[in-house]
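Next come the chains, spelled out residue by residue.
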Amino acid sequence: MSLEERVRTYKDRLRIFLILFYFSENYSSSEHPEFKRVFKSEVRIQKIDFLIRNPDYLAHELLVIAENELSKRSEIQKLVKGIYADSEPQLRRLEMERFFFGAYEDIDDVILFLQSINFIGFSSKKNTDLKNIEKQYFITEYAIEKTEESIKALPSLNWYIKRCELIKKYFGTLLGSQLKVSQYKIEEYRNTSFKNFIGEISETVAKDYYKIFNERL
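On a predicted model such as this, the values are computed, not experimentally measured, just so you know. Sequence order as written defines the numbering, with residues in each chain counted from 1. With the structure being a predicted model, the display of local features is reserved for residues of pLDDT at least 70 and the display and counting of side-chain atom pairs for 80 or more, all residues being used for whole-chain, interface and lining totals. The basis for every side-chain value is the complete set of non-hydrogen atoms in the structure, without hydrogens or water.

1. Points about the sheet that holds strand S2 (residues 35-40)
Consider a sheet: its strands pair through backbone hydrogen bonds, and that pairing is either parallel or antiparallel.
Turning to step 1, where the next piece is worked out: One open sheet holds the 4 strands; their spatial order is S1-S2-S6-S5, and the pairing between them is antiparallel. Whereas interior strands pair on both sides, the edge strands pair on one side only; in this sheet they are strand S1 (25-26) and strand S5 (120-126).
Turning to step 2, where the next piece is worked out: One bridge is not enough; two strands pair if DSSP finds at least two bridges between them. A helix here means a DSSP run of H or I that spans at least four residues, while a strand means a run of E at least two residues long, and both kinds are numbered starting from the N terminus. One ladder, built from 2 bridges, connects S1 with S2; its direction is antiparallel. Looking at S2, one finds that Asn 26 is bridged to Arg 37.
Turning to step 3, where the next piece is worked out: Packing against the sheet, helix H7 (residues 141-149) makes contact with S2 and strand S6 (132-140), and its axis sits at approximately 55 degrees to S6. Any two residues having at least one pair of non-hydrogen atoms within 4.5 Å are treated as being in contact. Only the stretch in contact is used when a helix axis is fitted, and all axes are lines through C-alpha atoms; the angle between N-to-C directions ranges over 0 to 180 degrees.

Here it is, written out as structure tokens:
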């Protein structure tokens, strides 16, 4: 494995874990007392991951809120300006392909790794086609301790932590299916062919931003 591949694998594992950690809910079970939090559905992981990896799409979703909620316009204006002032759509972009149900990337290896180091537990059911459904990801007490003790202190993860907190603030209550519907409203996303990379939408974001705030990004 090349250095670039090792770095990518490392980033994928941390990013997916942070999604599970920040967007999970408290959980308790007498059968598995080591599990303290639960995250439901792989679809939700994929849609949150897409927003982290595509700052231009996150900016678009924020502008949709700004257009409909006057009370949030000022703070969203600062957020979107910050995303583009830091050139995030160019520097932070990590493309995803479109599959049958939108942006998708196989995360099975990541989940197996997180299980192997006792960071998460995993459960699912089989449907009539023997496909895994109702996937649930359980955060262990060990993982929570490690996150609080050391992972949060890693400077390289600061951007990802702040991004998870931002997405959680505005979209944290949405189900994976709701996030999917929202992302499908974007023409570039919707019109991307099967197994092609979903293109960037910075030009659309710039136009929408000007329309709402009467200034250029």
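2. Thoughts on the packing of helix H1 (residues 3-23) against helix H8 (residues 158-171)
Turning to step 1, where the next piece is worked out: At a minimum axis separation of 10 Å, H1 and H8 run at an interaxial angle of 40 degrees. As for how H1 packs across H8, the hand of that crossing is right-handed. Touching Lys 11, Arg 15, Leu 18, Ile 19, Tyr 22 and Phe 23 of H1 are Tyr 160, Ile 161, Cys 164, Glu 165, Ile 167 and Lys 168, all from H8.
Turning to step 2, where the next piece is worked out: For this classification, Asp, Glu, Lys and Arg are treated as charged, while Ala, Val, Leu, Ile, Met, Phe, Trp, Tyr, Cys and Pro are nonpolar and the rest, including Gly, are polar. In terms of residue class, the contact of H1 with H8 is made up of 8 nonpolar, no polar and 4 charged. Crossing handedness is defined as follows: a turn of the near helix away from the far one that is anticlockwise and smaller than a right angle gives a left-handed crossing, while the clockwise case is right-handed.

3. A word on the packing of aromatic side chains
Turning to step 1, where the next piece is worked out: Two aromatic rings, drawn from Phe, Tyr or Trp (for Trp, its six-membered ring), form a pair once their centres lie within 6.5 Å of each other, and the interplanar angle then sorts them: stacked below 30 degrees, edge-to-face above 60, tilted otherwise. Per the counting criterion, the structure on display carries 18 aromatic pairs.
Turning to step 2, where the next piece is worked out: Seen from their ring centres, Phe 39 and Tyr 137 are 6.3 Å apart, and the 65 degrees between their planes marks the pair as edge-to-face. In this pair, Phe 39 sits in strand S2 while Tyr 137 sits in strand S6, placing the two residues 98 residues apart along the sequence.
Turning to step 3, where the next piece is worked out: Taking the relative accessible area as the measure of exposure, Phe 39 reaches 0% and is therefore buried.
Turning to step 4, where the next piece is worked out: The exposure class assigned to Tyr 137 is buried, which follows from its relative accessible area of 1%.
Turning to step 5, where the next piece is worked out: Ring geometry for Tyr 209 versus Phe 213: centroids 4.8 Å apart, planes at 50 degrees, classification tilted. One end of the pair, Tyr 209, and the other, Phe 213, are both in helix H11 (residues 202-213), 4 residues apart, so they sit about a helical turn from each other. Judged on exposure class, the residue Tyr 209 and its partner Phe 213 are both buried. Each residue is assigned to one of three classes by its accessible area relative to the maximum for its type, calculated with a 1.4 Å probe on protein chains only: buried under 20%, partly exposed between the two thresholds, exposed over 50%.

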